[in-house]
Amino acid sequence: MNPLSPPARASSVSRRNFIAQSAAALAAAGTVAQLGARSLGADAPPASDRKLGYAFVGLGSLCMNQLLPGIVQCKHARPVALVSGHPDKAKQQAEKYGINPKNIYNYQNFDSIKDNREVDVVYVVLPNSMHAEYTIRAARAGKHVQCEKPMAVSVAECQQMIDACKDAGRKLAIGYRLHYEANTLACIKAVKDQEAGKLQLIEAGAGFSIGDPSQWRLKKALSGGGCLMDIGIYALQAARYLSGEEPIEVVAQTFADRDDPRFKEVEQHCNFQLRFPSGVLASCVSSYATGLNRFVAHTTKGSASLDPALSYRGVKFRIQRPGQPEESPNLPDIDQFAAEIDAFAQCILTNTPSQTPGEEGLRDVRIMQAIYQSAESGKTIKL
Ligand code: NDP
């Protein structure tokens with residue numbers, strides 16, 4: 001099967017549906033705590049039983065459909081505050097999650113959250129170009145910060161976010177949920193251990209068909225870019241975590257049908273090739289016009305793959321060893337958002353570093369800027 005062809009089940013028009021659709025048939029086979037322990041490593045210090053209070057900023061699709069339902073499953077975190085431009089929606093969500101209505105903020109009075117001792121962590125779930133401002137304001141209010149991907153829309157902003165958290169003595173983590181997902185971790189380990197031979201090439205595809213032309217994802221000032229910033233970042237992440245290396249060179253192409261009302265400001269497709277120091281090459285494709293949801297590590301004697309690779313549930317690791325039928329271990333399919341939040345809460349409680357700190361978000365933003373530079377100039381960019 002051509003790994004670049006979209007799997008049939010990844011072709012819906014709704015991003016939420018696309019990502020969620022592989023979940024339905026799969027029941028959770030493990031607990032969040034098990035994955036948290038797994039992703040933190042067996043030698044992680046024991047966390048206290050205290051649940052950290054989270055404030056969510058921006059009550060959109062991800063927050064209401066994934067993060068709030070996820071955090072209620074957490075062992076070390078609970079929702080205690082909401083920040084929204086829509087008080088009615090905030091009130092309704094507060095009621096649903098048992099949040100005290102006095103802990104509802106808006107974007108104007110957000111800074112007064114510094115006086116709220118129930119809030120330990122602020123989770124920024126806003127359009128990309130607002131991540132820097134709210135991360136910095138949260139850090140200055142003395143809160144730890146979890147921020148959605150992409151970290152920000154420029155390298156300078158990422159650095160300011162890192163500096164603000166450092167200056168405030170607070171931790172910063174980026175919402176890279178797949179770093180806490182068991183199948184993804186198993187695939188990374190299989191490639192690292194050369195279970196199917198030495199890594200040669202990586203193919204990574206991430207895409208979906210975007211709907212409403214008026215949404216912020218399609219406005220450059222709010223998104224910072226098109227499919228690359230939003231979904232292509234998963235292909236970039238895959239190339240980096242499957243190779244275990246940092247790329248040294250990138251060459252890229254973008255395309256946008258400017259007659260399509262969705263692609264007046266941002267790219268519709270972005271394909272890029274990365275070269276790593278070992279000689280491994282990664283071919284990455286991303287799109288806002290077709291479904292792509294598969295990562296493959298081609299090795300000297302077989303392959304290791306994730307298919308689906310970035311769905312909210314049901315990510316599947318498969319390994320092809322020489323002379324053997326493809327195997328797909330039966331690994332836990334847990335709530336990735338609960339796992340990601342619990343892992344960060346444990347880092348705070350035990351004062352250990354996050355696996356997905358601001359520096360990790362900055363690396364991706366730097367490479368994505370180089371990808372855009374290559375696409376614009378037609379040149380290979382050294383990293
Ligand atoms: P939505 O458009 O669904 O929600 C964004 C929310 O931000 C809005 O509901 C609104 O909340 C608030 N907001 C404040 N100002 C604006 C503005 N000018 N325009 C639009 N919204 C505004 O986006 P998502 O929830 O899908 O995405 C939010 C972030 O999460 C993005 O950075 C995205 O990349 C990331 N994300 C990550 C995913 C993952 O798998 N890790 C998946 C999906 C998204 P309110 O009405 O409460 O003020």
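Scroll up for the structure.
Criteria and cut-off values
- Residues numbered from 1 in each chain as written.
- Predicted model: local features only at pLDDT ≥ 70, side-chain atom pairs only at ≥ 80, totals over all residues.
- Heavy atoms only, no water.
- Near = heavy atom within 4 Å.
- Polar contact = N/O pair within 3.5 Å; in protein donor to acceptor, adjacent residues only side chain to side chain.
- Areas by Shrake-Rupley, 256 points an atom, 1.4 Å probe, with all protein chains shown as cover.
- Nonpolar A, V, L, I, M, F, W, Y, C, P; charged D, E, K, R; others polar.
- Domains from an automatic or database assignment.
- Pairing = 2+ DSSP bridges.
- Helix = DSSP H or I, 4+ residues; strand = E, 2+ residues; numbered from the N terminus.
- Contact = heavy atoms within 4.5 Å.
- Axes fitted to C-alpha atoms, helices over the stretch in contact; angles between N-to-C directions.
- Buried < 20%, exposed > 50% of the residue type's maximum accessible area, 1.4 Å probe, protein only.
- Core = buried A, V, L, I, M, F, W, Y, C linked by side-chain atoms within 4.5 Å.
- Salt bridge = Lys/Arg side-chain N within 4 Å of Asp/Glu carboxyl O.
- Expected span 1.5 Å × (residues − 1).
- Arc of directions from axis to C-beta.
- Parallel < 35°, antiparallel > 145°, perpendicular 65-115°, else oblique.

Chemist: I'd like a rundown of the site of the ligand, residues and numbers included.
Modeler: The local shell around the ligand holds 28 residues, among which S84, K89, Y107, R177 and W216 are the closest. At a separation of 3.1 Å, an oxygen atom of the ligand approaches a polar backbone atom of L126. Between E148 and the ligand, the recorded distance is 2.9 Å, taken from a side-chain N or O atom to a nitrogen atom. Within the complex, 84% of the 890 Å² of free accessible area of the ligand lies under protein. Here the shell around the ligand is composed, by residue class, of 12 nonpolar, 9 polar and 7 charged. Counting only domains with at least three residues in the shell around the ligand, you end up with domain 1 (31-177 + 338-356) and domain 2 (182-332).

Chemist: Outline the sheet that holds strand 6 (residues 172-174), listing residues and values.
Modeler: One open sheet accounts for 6 strands, arranged 3-2-1-4-5-6; its pairing is parallel. The sheet is open, and its two borders are formed by strand 3 (104-105) and strand 6, each paired with just one other strand. With 6 bridges connecting them, strand 1 (residues 52-57) and strand 2 (residues 77-83) associate as parallel partners. Paired with A55 across the bridge in strand 2 is A81. Seen against the sheet, helix 5 (residues 131-140) touches strand 1, strand 4 (121-124), strand 5 (144-147) and strand 6 and runs at an angle of roughly 165 degrees to strand 5.

Chemist: Tell me about the sheet that holds strand 8 (residues 249-255), and name the residues and values.
Modeler: One open sheet holds the 8 strands; their spatial order is 13-12-11-7-10-9-8-14, and the pairing between them is mixed. Of all the strands in the sheet, the pair left with one neighbour each is strand 13 (317-320) and strand 14 (381-382). Sheet analysis places strand 8 next to strand 9 (residues 269-275), joined by 7 bridges and oriented antiparallel. Bridge pairing in strand 9 places V250 opposite L274. Along the sheet, helix 9 (residues 227-243) contacts strand 7 (199-209), strand 9, strand 10 (281-287) and strand 11 (289-299); its crossing angle with strand 7, the most-contacted strand, is approximately 160 degrees. Lying over the sheet, helix 11 (residues 358-377) contacts strand 8, strand 9 and strand 14, oriented at roughly 65 degrees with respect to strand 8.

Chemist: Quick rundown of the pairing of strand 12 (residues 303-306)? Include the residues and the values.
Modeler: Side chains of strand 12 alternate between two faces, with S303 and S305 and A304 and L306 buried alike. Sheet topology places strand 11 next to strand 12; 4 bridges connect them, and they run antiparallel. Residue H298 lies in a different strand from strand 12, and its bridge partner there is S303. What sits between the antiparallel neighbours strand 11 and strand 12 is a turn of 3 residues. With 4 bridges connecting them, strand 12 and strand 13 associate as antiparallel partners. Pairing of S305 across the sheet is with R318, part of strand 13.

Chemist: Could you give an account of the side chain of S354, with specific residues and numbers?
Modeler: Residue position: S354 is located in the loop between helix 10 (336-350) and helix 11. In this structure S354 comes out as buried when scored by relative accessible area, which is 12%. Within the local environment of S354, its side chain forms a polar contact with the backbone nitrogen of T356, the two atoms lying 2.9 Å apart. Beyond its immediate sequence surroundings of up to four residues, S354 is in contact with A173, Y180, F344 and C347.

Chemist: I'd like a description of the nonpolar core, backed by residues and values.
Modeler: In this structure, I113, V122, F272, L274, F295 and F317 are the most contacted members of the largest nonpolar core, which totals 88 residues. With 12 residues, the top contributor of residues to this core is helix 9. Inspection of this core shows a minimum of three residues originating in each of domain 1 (31-177 + 338-356) and domain 2 (182-332). Other than its neighbours up to four places away in sequence, F272 contacts L228, G232, A235, L236, V250, V251, A252, A282, S283, C284 and I371. Formed by 28 residues, the second largest nonpolar core is a distinct cluster that contains F56, L67, C74 and Y97.

Chemist: Please set out the pattern of salt bridges residue by residue, giving values where relevant.
Modeler: All chains considered together, the criterion is met by 20 salt bridges. The closest approach of N and O atoms between R217 and D230, which form a salt bridge, is 3.0 Å. Of this pair, R217 sits in the loop between strand 7 and helix 8 (220-223) while D230 sits in helix 9, and the two are 13 residues apart along the sequence. The salt bridge partner of E327 is R321, with a shortest N-O separation of 3.0 Å. Residue classification places E327 among the partly exposed residues on the basis of a relative accessible area of 38%. When salt bridges with common partners are traced through the structure, they connect R240, E246, E360, R363 and D364 into a single cluster.

Chemist: Can you lay out helix 6 (residues 155-168) for me, pointing to particular residues and giving the numbers?
Modeler: A rise of 1.5 Å per residue sets the reference length of helix 6, with its 14 residues, at 20 Å; its end C-alpha atoms lie 20 Å apart and thus fit the reference within 8%. Those residues of helix 6 lying buried are E157, C158, M161, I162, A164 and C165. Taken down its axis, helix 6 places every buried residue within 160 degrees of arc, on the same side. Turned more than 90 degrees from where helix 6 packs its buried face, K166 and D167 sit exposed. Contacts made by the buried residues of helix 6 are with helix 5, strand 5, strand 6 and helix 11. With its phi angle positive at about 70 degrees, G169 sits one or two positions after the end of helix 6.

Chemist: How would you sum up the packing of helix 5 against helix 6? Please name residues and give values.
Modeler: The N-to-C vectors of helix 5 and helix 6 enclose an angle of 10 degrees; their axes lie 9 Å apart at closest approach. In terms of orientation, helix 5 and helix 6 fall into the roughly parallel class. Contact with helix 5, carried on its side by H131, A132, T135, I136 and A139, involves E157, Q160, M161, A164, C165 and A168 of helix 6 and no other residues of that element. Partitioning the contact of helix 5 with helix 6 into residue classes produces 7 nonpolar, 3 polar and 1 charged.

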